[in-house]
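The primary structure of each chain is shown beneath.
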Protein chains: 2
Amino acid sequence: MKRNRVIGVDLGGTTTKFGLYNDQAKLLHQWAIPTDTTSNGSHILKNMCDSIKQTLKENELTVDSLLGVGIGAPGVVDNENGTVCNAFNLGWSDKQDVKTTFNEQGLTIPLYLTNDANCAAYGEGNISNDESVVFITLGTGVGGGVIIDNKILQGNVNSAGEIGHMRSYLNYGFTCTCGNDNCLESVASATGIVNVAKKESEDFNESSQLNKMIKENKDITAKTVFDLAKQDDKLANKVVDLITYDIGVSCGNIANLLNPKSIIIGGGVSHAGTMLLDKIVSVFNTVAFPLVKTSTKIKLATLGNDAGITGAAYMVIKGETKHDETI
Amino acid sequence: MKRNRVIGVDLGGTTTKFGLYNDQAKLLHQWAIPTDTTSNGSHILKNMCDSIKQTLKENELTVDSLLGVGIGAPGVVDNENGTVCNAFNLGWSDKQDVKTTFNEQGLTIPLYLTNDANCAAYGEGNISNDESVVFITLGTGVGGGVIIDNKILQGNVNSAGEIGHMRSYLNYGFTCTCGNDNCLESVASATGIVNVAKKESEDFNESSQLNKMIKENKDITAKTVFDLAKQDDKLANKVVDLITYDIGVSCGNIANLLNPKSIIIGGGVSHAGTMLLDKIVSVFNTVAFPLVKTSTKIKLATLGNDAGITGAAYMVIKGETKHDETI
């Protein structure tokens, strides 16, 4: 039987997303299941395998029709051994042997594993047709992935792409989840943006709806800040200027170091759209070296929530990060 | 005849350095000629070819014994076409066709060209046996090179490694030669360190030999600053703390992005030695992500002035950045 089907999996703390693709990366079918993090996440991998087998059956496909399964997972992914550790949001305190579980569940097919941010980066890079890409995801945290010559950069201990932990130029002194102070994530993540707004509100005396909301202890989100900035709210504008300055400088630094074809901004915060992009680009232009400024393009992600499954599928199709060739 | 000899060339604005190597990268003979930048540098390439031919003759070798010639050159090096442009310190205002000149001069051998900072990075990386390395050279300017999986990262338009133009965290507002403000180079180069010392001297009232020298308009260099810091001079210590902070944070940012095996600090300023290194590492440790901190090592360059010729030779031996296979 011709192996011409591919499954891409995006393993998240709430939902496990799946895509069935043909070997030209055309999405044929897409589905999701809840990620069961109970019992230290011990059901996650079996549920994943069951769901894959069920979908194969429903589509009258056998395991032998699969070129492979690609998986983007949180935590530290070991490319050599097909294992995942430090994925605390899945309830996985111990190292998980993904490859062995797949084999035990009858899925003895080539398996391609990488970190979720790398996986999304690989998806965005492939869809953009840019062989060298840095992807920055601005979500609950700030993550990223580096693609060079259409290969995911793993780093010495699979820790490349920790863009959220580059040092912020805003000196708020917020302590990051990683233990360091002043990480980019502590100001440019969705949570960070709210913290910056609250901090800036302390001494802000001009008329501002955002300021009023914060002073009245109303719930605000990063979206509130961007929505109000679009309405020319003064505090919201100040906050957006601060965080886009920080992101723009970081983009300039990254581009001066790597001169990639593009830096792609994704994640929930990127839904702020062209307003966010334009401000980032205008700061970027003050930092990027002349030749870099004209050759590294800053752009918004286009795949949204499908970046993970797309990247996972491309890993299989392009043979990236292969771990298991039992067949 | 067996092709088992390699020539590495480091083309600088004052001196052109050469090394004759065997195909195991053993240095057999080393020499240099002045770089003649008169007449828009029009003699440079011919002088280089003449010197290579003469050395071959003196060593009873023919052109056919050469596996190739590697050249590290300033400016923007076009890897596809074997040309160099923007090498203003050589007097080259126009694009130079290195490959054609070599052929015209009878040196129809494989030619390997890269930017001088990349070339030094490649030398240091190979000597360290680190397949992924970022090299930072702190000299008259601040340059760098990125080696990933033992390949020189060129970037989209051969502009990767512009580490000197990453944004400084010290906000002196010095305008850089590139036209941007607050580049790392504007504070961490030999010239930059002197400028920081002068700026810090303005409001410095404690007892300090460095302060006295500056106030008396005596000539100071980066070496003066480091020498006095080693004698516990207060202003010198302050300046060293400031610039090592800036370099240390940049190293942390680079390591969080790429997680290379090592970041190697070279260039004239690096002769300040372990004092410089220890201070950089201590700042790096506050910025690097936990897993990155333990897996990316910051170290001093070991090749000194030979980094360029060594990297150039390794390019030939490892077949990196090949441009001309006329044979």
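Remember, it's a predicted structure, so these values are computed and weren't measured experimentally.

(A) Structural context of the overall build of chain A. Looking only at helices and strands, chain A features twelve helices and 13 strands. Rg of the C-alpha trace for chain A: 21 Å, near the compact-globule value of 20 Å for 327 residues, within the 12% margin. For chain A, the residues scored as buried account for 59% of the 327 residues in total. Expressed as a percentage of contacts within chain A between residues at least 6 apart in sequence, the contacts between residues at least 24 apart total 64%.

(B) Region of the structure containing the relation of the copies chain B and chain A. Between chain B and chain A, which share one sequence, the superposing operator has a rotation angle of 180° and an axial displacement of 0.0 Å; the RMSD is 0.0 Å. Taken together, these values place the two copies in the relation of a two-fold axis. Considering only C-alpha atoms, the residue of chain B closest to the rotation axis is B:Tyr169, which sits at 3.4 Å. The overlap is high: 100% of the interface residues of chain B also sit at the interface in chain A, so the same surface is used on both sides.

(C) Broad picture of the packing of helix 6 (residues 190-201) of chain A against helix 8 (residues 222-230) of chain A. Residues and elements named next belong to chain A. Packing of helix 6 against helix 8 brings their axes to within 8 Å, and their N-to-C directions diverge by 60°. Taking contact as the criterion, the partners of Ala190, Ile193, Val194 and Ala197 in helix 6 are, on helix 8, Ala222, Val225 and Phe226. Considered class by class, the residues forming the contact of helix 6 with helix 8 number seven nonpolar, no polar and no charged.

(D) Focus on helix 12 (residues 307-317) of chain B. Residue and element names in this part refer to chain B. The element helix 12 is extensively covered by neighbouring structure, given that ten of its eleven residues are classed as buried. Residues Ala307, Gly308, Ile309, Thr310, Gly311, Ala312, Ala313, Tyr314, Met315 and Val316 constitute the buried set of helix 12. Of the residues one or two after helix 12, Gly319 is the one with positive phi, at around 70°.

(E) Here's a closer look at the interface of chain B and chain A. Tallying the contact residues gives 41 residues for chain B and 41 residues for chain A. Contact with chain A buries surface across chain B, with B:Asn156, B:Arg167 and B:Leu257 losing the most and accounting together for 21% of the total. Connecting chain B to chain A are zero salt bridges. Inspection of the chain B/chain A interface yields 28 residue pairs in polar contact (both at pLDDT 80 or more). Within the residue set of the side of chain B that touches chain A, elements represented by two or more residues are strand 10 (142-148), helix 9 (234-258), helix 10 (274-287) and helix 11 (290-293) of chain B. Here the side of chain B that touches chain A takes seven residues from helix 9 of chain B, the largest share from any one element. Taken together, the residues of the side of chain B that touches chain A break down into 23 nonpolar, 15 polar and three charged.

(F) Expanded view of the domain arrangement of chain A. Residue and element names in this part refer to chain A. Parsing chain A into structural domains produces domain 1 (5-121 + 306-317) and domain 2 (130-301). Just the C-alpha atoms count here: the centres of domain 1 and domain 2 sit 29 Å apart. Taken together, the contact pairs ten residues of domain 1 with eleven residues of domain 2. Summed over both partners, the interface of domain 1 with domain 2 comes to about 790 Å²; 54% of that surface belongs to carbon and sulfur atoms. When the buried area of domain 1 at its contact with domain 2 is split by residue, Asn79, Asn118 and Ala121 rank highest and sum to 56% of it. Our count for the domain 1 to domain 2 interface comes out at zero salt bridges. Looking at the side of domain 1 that touches domain 2, the elements that each hand over two or more residues are strand 5 (76-78) and helix 4 (116-128). No other element matches the four residues that helix 4 contributes to the side of domain 1 that touches domain 2. Looking at the side of domain 1 that touches domain 2 residue by residue, the class counts come to six nonpolar, three polar and one charged.

(G) Representation of the sheet that holds strand 11 (residues 151-152) of chain A within the structure. Residues and elements named next belong to chain A. Sheet architecture is open: five strands sit in the order 11-10-9-12-13, paired in mixed fashion. The open sheet has two free edges, formed respectively by strand 11 and strand 13 (297-300), since each of these has just one partner strand. In this sheet, strand 13 lies alongside strand 12 (residues 262-266) in parallel orientation, the contact comprising four bridges. What sits directly across from Ser262, in strand 13, is Lys297.

(H) Structural view of empty space enclosed by the protein. Applying the stated criterion to the full structure yields one cavity of 30 Å³ or more. Considering the residues around the largest cavity, the lining is formed by A:Leu153, B:Ser132, B:Val133, B:Val134, B:Val146, B:Ile147, B:Ile148, B:Leu258, B:Asn259 and B:Pro260. By residue number, the principal contributor to the lining of the largest cavity is strand 10 of chain B, which donates three residues. Considering only residue class, the lining of the largest cavity consists of eight nonpolar, two polar and no charged.

(I) The arrangement of the pairing of strand 9 (residues 133-138) of chain A in detail. Residue and element names in this part refer to chain A. For strand 9, the buried fraction is high: six of the six residues fall into the buried class. Across the two faces of strand 9 the burial is the same, with Val133, Phe135 and Thr137 and Val134, Ile136 and Leu138 all buried. Of the strand pairs in this sheet, strand 9 and strand 10 (residues 142-148) are connected by six bridges, and their pairing is antiparallel. Bridge pairing in strand 10 places Val134 opposite Val146. The turn linking strand 9 back onto strand 10 is made up of three residues.

(J) Spotlight on the packing of aromatic side chains. Residue and element names in this part refer to chain A. Scanning the model with the defined rule gives five aromatic pairs over all chains in all. Ring geometry for Phe18 and Trp31: centres 4.8 Å apart, planes at 5°, overall stacked. With Phe18 in strand 2 (residues 15-22) and Trp31 in strand 3 (residues 27-34), this residue pair connects regions lying 13 residues apart in the sequence. Take Phe18 and Trp31: they sit in the same class, and that class is buried.

(K) The arrangement of unusual backbone geometry in detail. Phi at A:Asn150 takes a positive value of approximately 60°, unusual for a residue other than glycine. Topologically, A:Asn150 is positioned in the loop between strand 10 and strand 11.

(L) Expanded view of the confidence of the model for chain A. Counting all residues, the mean pLDDT for chain A is 94, and 98% of those residues have values of 70 or more. Note that pLDDT drops below 50 for residues 323-327 of chain A; the model gives that stretch 20 contacts with residues more than four away or on any other chain.

(M) Region of interest: the pattern of salt bridges. Considering all chains together, one arrives at 24 salt bridges over all chains under this definition. A salt bridge links A:Lys223 to A:Asp227; the nearest nitrogen and oxygen atoms lie 2.8 Å apart. Of this pair, A:Lys223 and A:Asp227 both sit in helix 8, separated by four residues, roughly a single helical turn. For A:Asp227, a relative accessible area of 28% puts it in the partly exposed group. The salt bridge partner of B:Lys238 is B:Glu200, with a shortest N-O separation of 2.8 Å. A residue pair is termed long-range when its members are at least 10 positions apart, and B:Lys238 in helix 9 and B:Glu200 in helix 6 (residues 190-201) qualify at 38 residues. With relative accessibility at 37%, the residue B:Lys238 sits in the partly exposed group. Within this structure, A:Lys212, A:Glu216 and A:Lys218 form a network of salt bridges that share partners.

Cut-offs and rules
Residues numbered from 1 in each chain as written. Chains lettered and ligands numbered in written order. Predicted model: local features only at pLDDT ≥ 70, side-chain atom pairs only at ≥ 80, totals over all residues. Heavy atoms only, no water. Helix = DSSP H or I, 4+ residues; strand = E, 2+ residues; numbered from the N terminus. Rg over C-alpha atoms; globule rule 2.2 N^0.38 Å. Buried < 20%, exposed > 50% of the residue type's maximum accessible area, 1.4 Å probe, protein only. Contact = heavy atoms within 4.5 Å. Least-squares fit on C-alpha atoms with pLDDT ≥ 70 in both. Axes fitted to C-alpha atoms, helices over the stretch in contact; angles between N-to-C directions. Nonpolar A, V, L, I, M, F, W, Y, C, P; charged D, E, K, R; others polar. Buried area = accessible area lost by both parts, 1.4 Å probe. Salt bridge = Lys/Arg side-chain N within 4 Å of Asp/Glu carboxyl O. Polar contact = N/O pair within 3.5 Å; in protein donor to acceptor, adjacent residues only side chain to side chain. Domains from an automatic or database assignment. Pairing = 2+ DSSP bridges. 1 Å grid on protein atoms, 1.4 Å probe; cavity = no way out; pocket = protein on both sides within 12 Å on 5 of 7 lines; lining within 4 Å. Points joined across faces, edges and corners; volume = space filled by probe spheres on them. Phe/Tyr/Trp six-rings, centres within 6.5 Å; stacked < 30°, edge-to-face > 60°. pLDDT = per-residue confidence, 0-100.

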